[in-house]
Amino acid sequence: MIQTPPSADRLAEISFWFKAAEVSAFPENGGACVKYQDQQIAVFHFAKRNEWYASQNLCPHKQQMILARGLIGDQCGEPKVACPFHKKTFSLLTGENLNGECYHIETYPVKIEDGYVYIGMRE
Amino acid sequence: MSSLVAQPQRIVVIGNGMVGYKFCEKLVAKAQPSTIQITVFGEEPRPAYDRVHLSAYFSGTSAEELTMAPVEWYAENNINLHLGELVTSIDAATQTVTTHKGESISYDKLILATGSSAFVPPINGVEKEGVFVYRTIEDLDAMLEYAPKARTAAVIGGGLLGLEAAKAAVDMGLTTHVIEFASRLMPRQLDEAGSEMLKRKLESLGISIHLNKSTTAIIGETGVEKMLFADGSELEVDMIIVSAGIKPRDELAIKAGLAVGPRGGILVNDALQTSDANIYAIGESALHGGMIYGLVAPGYDMADTVVTNLLGGEKTFKGFDMSTKLKLIGVDVASFGDAFASPATSRSIVFEDKAKGIYKRINISEDGKYLVGGILVGDAGNYNMLLQTVQNKIILPQDPEDLILGSRGGAAESAGAGVMSLPDEALICSCENVSKGDICSTITDGTCTDVAGIKKCTKAGTGCGGCVPMVNDLLNATLKQMGKEVKKVLCEHFDYSRQELLDIVKVNNIRSYDELLHNHGRGDGCEVCKPAVASIMASTWNELILKQATIQDTNDRYLANIQKGGTYSVVPRIAGGEITPEKLIVIGQVAAKYSLYTKITGGQRIDMFGARIDQLPDIWEELINAGFESGHAYGKSLRTVKSCVGSTWCRYGLHDSVGFAIRVEERYRGLRSPHKLKGGVSGCVRECAEAQSKDFGIIATEKGWNLYICGNGGAKPQHAQLFATDLDTETCIKYLDRFLMFYIKTAEPLNRTATWLNKMEGGMEYLRQVIVEDSLGICDDLDREMEFMVNTYACEWKEVVNNPELRQRFQHFINTPEPDPSIRFKPERGQKVPVI
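Residues numbered from 1 in each chain as written. Chains lettered and ligands numbered in written order. Predicted model: local features only at pLDDT ≥ 70, side-chain atom pairs only at ≥ 80, totals over all residues. Heavy atoms only, no water.

Colleague: Describe the confidence of the model for chain B, and please don't skip the residues or the numbers.
Modeller: On average, chain B scores 90 in pLDDT, and the residues at 70 or more come to 97%. A low-confidence stretch, residues 409-417 of chain B stays under pLDDT 50, and its non-local contacts, those more than four residues away or across chains, total 3 contacts. (pLDDT = per-residue confidence, 0-100. Contact = heavy atoms within 4.5 Å.)

Given below as structure tokens:
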């Protein structure tokens with residue numbers, strides 16, 4: 001079961017699924033940070049929609065490792081996260097900055113299997 | 001097969017400034033990617049940045065924030081960007097350019113966006129150490145490095161750029177002089193009277209203005225020591241910033257044999273082609289119709305013209321209006337249309353208020369029908385509307401003086417209606433060439449419902465930003481015209497104001513955000529409504545805020561203040577600023593144990609910085625065991641009640657200000673409110689606690705206490721106003737209870753008490769009627785509600801420390817107990833500070 005529907009070519013890029021943690025370890029309607037090798041990945045659980053998203057943890061505005069601690073929500077239905085430092089908001093579908101600025105964050109597909117959260121990684 | 005595929009057009013851009021960048025942005029937005037191949041050469045080491053707002057660099061804006069687009073943007077758009085690479089020659093015959101690295105590249109079309117450099121007059125000694133120009137971020141860095149050695153600075157040039165440079169000198173803490181050759185400041189924009197008003201304003205800010213001064217020599221052993229002037233006078237200075245004008249960068253064009261003007265500038269036609277049809281020039285290096293345009297809006301229009309023509313369209317550049325509005329050192333200055341219209345062809349209306357430093361002049365056509373131009377100093381609030389009135393040839397009202405004086409009775413239109421009277425073609429954003437029709441159609445077709453959306457859709461307001469207030473007026477007026485009520489709703493998820501939501505929460509006994517969103521809102525919420533509702537619920541039910549951790553802003557979610565680098569700071573409550581030596585020692589021990597940076601705060605407490613998220617519960621456990629409690633420095637809630645030492649020690653003190661401050665601070669500790677709250681208590685009229693700069697201030701009198709409310713420091717300081725005099729202690733607390741509760745229940749999110757009062761109809765007198773005379777009949781409720789908050793207070797850190805499940809949440813990673821490896825510190829003055 002794939003929770004964030006990535007496009008077909010995104011799926012093709014995935015080389016493996018990283019088993020991050022149990023579903024119960026993640027807060028509902030909020031974010032948490034997962035370590036994978038040297039990377040920090042922010043994982044967000046939209047409980048009301050039963051959807052999961054993942055992105056880089058680094059906010060590109062001031063280079064802070066912080067997005068997992070941001071408030072999540074939606075803008076006209078588009079799921080987003082707001083950086084706690086200066087409230088820059090990013091689409092969790094496309095990674096685009098939603099304040100009309102030129103920042104972009106990496107996003108990752110997420111799937112849930114047997115009570116675990118998996119993040120789709122590319123090499 | 002391959003011969004049938006059209007080769008992409010090779011476009012080379014020399015210069016990566018604002019106009020060069022805008023050219024690329026417009027080109028990639030309009031062209032099919034496969035049809036063009038763009039190469040850009042910039043001689044500076046960084047990509048194009050916002051030179052218009054360069055002076056912001058001195059007040060803390062970083063180079064990154066000034067950047068137009070990061071390097072990645074160029075890569076994403078397949079633009080081959082060469083930074084730090086200078087083009088040294090152009091061979092127009094073979095259509096190639098060569099750089100200082102020896103690289104050669106061919107072009108089909110070449111764009112010269114080489115900009116300008118500072119014009120440095122040939123003054124003796126101008127090469128000395130301590131003489132700077134004001135042009136690039138490197139220039140600014142060099143100044144910042146030199147400034148600590150200097151005490152006084154002189155700016156040569158009293159034009160627009162010179163005064164910007166003067167602001168930079170003031171920001172660097174230098175005593176500042178401005179030297180202008182002409183008889184007035186900003187001679188190209190202002191008339192004598194306008195310049196005189198600006199001069200007085202700047203002088204009142206401590207800047208010395210010297211007019212009619214021609215610098216003849218700069219004297220000094222190695223560095224700058226003294227300036228000599230043609231009239232025999234001299235001035236001792238440590239540093240000089242030359243800002244006497246610009247010089248188009250046409251040296252490359254001259255070398256390539258292109259035609260240039262007699263006083264410099266690359267000659268271009270209306271299509272902005274140089275004397276070689278394959279080479280274009282745009283921005284400050286281009287000479288069009290005898291003019292060099294030193295502003296960004298005409299440069300952007302030139303970029304748009306060339307892009308249109310390269311892609312097969314037709315557009316000509318027909319010159320540009322030089323109207324401009326800016327804020328110089330906090331003083332509004334604007335000049336528009338024909339600012340100096342001669343009395344022979346027009347008549348002027350002038351308004352001058354020397355006390356307030358305001359000068360306004362409008363020039364009206366001889367027949368009295370049209371506005372042709374004008375000048376504004378000290379208050380340029382009407383600039384956009386006046387400029388539109390000129391550009392759209394709007395017929396003037398019967399009393400045109402209303403345009404600068406405001407309506408004094410009669411039936412003049414409101415500002416909103418004024419905007420709507422503009423024709424659809426009216427150019428609202430001249431940087432991005434966006435008309436009123438473009439903006440309004442995005443509103444009427446439902447695409448945009450707020451200013452942020454309009455900025456994103458149309459790019460209006462993304463250049464110099466000057467038109468944003470007008471965009472906002474257009475939005476509100478259009479929505480109103482569409483029959484949509486312009487109501488202060490919280491955000492797209494709730495159709496209610498904060499006050500309405502608070503009532504809904506209370507009346508329906510709603511205890512969770514999810515329940516409120518489900519029954520009274522829509523969508524998934526956002527960073528605006530979540531913390532606002534969190535605050536409403538905390539102010540109503542006073543339950544542990546971590547029961548709903550993910551709707552709290554990060555400071556409230558982790559009960560600490562987030563700092564650069566992602567660590568947090570810890571502030572225990574030190575009520576009234578009173579602390580025992582034993583407790584001081586504990587703070588020292590805890591800070592030493594966890595290696596925390598310590599600093600005394602502005603509110604008489606001690607802040608410990610640099611705690612990792614996983615250390616917070618352990619640190620607080622030690623503090624709580626020593627008798628401390630949360631200081632709520634992280635919350636929109638009561639911070640501190642500052643006190644002077646009061647009558648116990650002070651020979652002037654009338655009452656015990658420390659004791660009263662502690663009582664008040666402990667009464668309202670943990671009280672969540674729309675914004676932070678600060679208080680102060682002074683033991684006499686000398687006011688050492690600075691109580692009048694707080695949300696509430698109490699000052700001892702012979703007979704009791706004077707109560708002041710609704711003051712704040714911060715970005716927009718406002719003094720608290722006297723609310724009641726000679727109160728006994730209990731009445732003072734009763735009024736404070738009611739005042740705070742009324743504020744909590746009726747303010748908009750993130751409005752401090754001063755803003756709340758400023759918006760309140762009836763102001764202080766109304767507030768006095770509500771609180772003292774109970775004109776709304778709500779005082780019993782207010783009293784009871786505050787009593788509930790006081791009685792249900794609990795230290796939230798104590799609850800976390802004693803709850804293993806809550807403690808568990810304080811870690812950086814969810815899948816490993818390791819701390820964040822990206823946190824780094826370096827030593828500074830014997831303590832640690834973050835490395836970013």
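Colleague: I'd like to hear about the state of the cysteines, residue by residue, with values.
Modeller: Covalent bonding between the sulfur atoms of two cysteines defines a disulfide. All names here are of chain B. What the rule picks out here adds up to 0 disulfides over all chains. Among the cysteines around C457, which has no disulfide bond, C448 carries the closest sulfur, lying 3.2 Å off. Accessibility expressed as a relative area gives 44% for C457, which makes it partly exposed. (Disulfide = S-S within 2.5 Å. Buried < 20%, exposed > 50% of the residue type's maximum accessible area, 1.4 Å probe, protein only.)

Colleague: Go over the interface of chain A and chain B, please, and point to the residues and values.
Modeller: Residue-level contacts link 43 residues of chain A with 41 residues of chain B. Summing both partners gives a buried area of about 3100 Å² for chain A against chain B, and 51% of it is carried by carbon and sulfur. Summed over the three residues of chain A that lose the most area to chain B, namely A:K35, A:R69 and A:L71, the buried surface amounts to 25% of that side. Across the contact surface, chain A and chain B share 5 salt bridges. (Buried area = accessible area lost by both parts, 1.4 Å probe. Salt bridge = Lys/Arg side-chain N within 4 Å of Asp/Glu carboxyl O.)

Colleague: Before we move on, could you go through helix α9 (residues 383-391) of chain B and cite the residues and values that matter?
Modeller: All names here are of chain B. Within α9, 7 of the 9 residues are buried, leaving the element largely enclosed by the surrounding structure. Every buried residue of α9 is listed here: Y383, N384, L386, L387, Q388, T389 and V390. Looking one or two residues past α9, K393 carries a phi angle of roughly 50°, positive in sign. (Helix = DSSP H or I, 4+ residues; strand = E, 2+ residues; numbered from the N terminus.)

Colleague: Got a sec to walk through the UniProt feature "binding site: [4Fe-4S] cluster" (unreviewed entry) in chain B? Specific residues and values, please.
Modeller: Residues and elements named next belong to chain B. As annotated by UniProt and renumbered to match this structure, "binding site: [4Fe-4S] cluster" (unreviewed entry) occupies C644, C650, C684 and C688. What stands out for the annotated residues spanning 45 residues is how close their C-alpha atoms remain, the widest pair being 11.1 Å apart. Position of C650 relative to the elements: it lies in the loop between β32 (638-643) and α21 (657-668). According to the relative accessible area criterion, C650 is partly exposed, its value standing at 28%. The residue C684 is located in the loop between β33 (677-682) and β34 (696-700) in this model. A relative accessible area of 10% places C684 in the buried class. Once you skip the residues sitting within four places of it in the chain, C684 turns out to touch Y652, L654, I699 and A700. (UniProt positions renumbered as here; feature names shortened; annotations may be inferred.)

Colleague: Describe helix α19 (residues 581-593) of chain B, with residues and values.
Modeller: Residue and element names in this part refer to chain B. Under the 1.5 Å per step criterion, the end-to-end length of α19 is 18 Å for 13 residues, consistent within 8% with the ideal 18 Å. If you follow the buried residues of α19, they end up packed against β30 (597-600), β31 (606-611) and α20 (616-625). Looking one or two residues beyond α19, the residue adopting positive phi is S595, at roughly 55°. (Expected span 1.5 Å × (residues − 1).)

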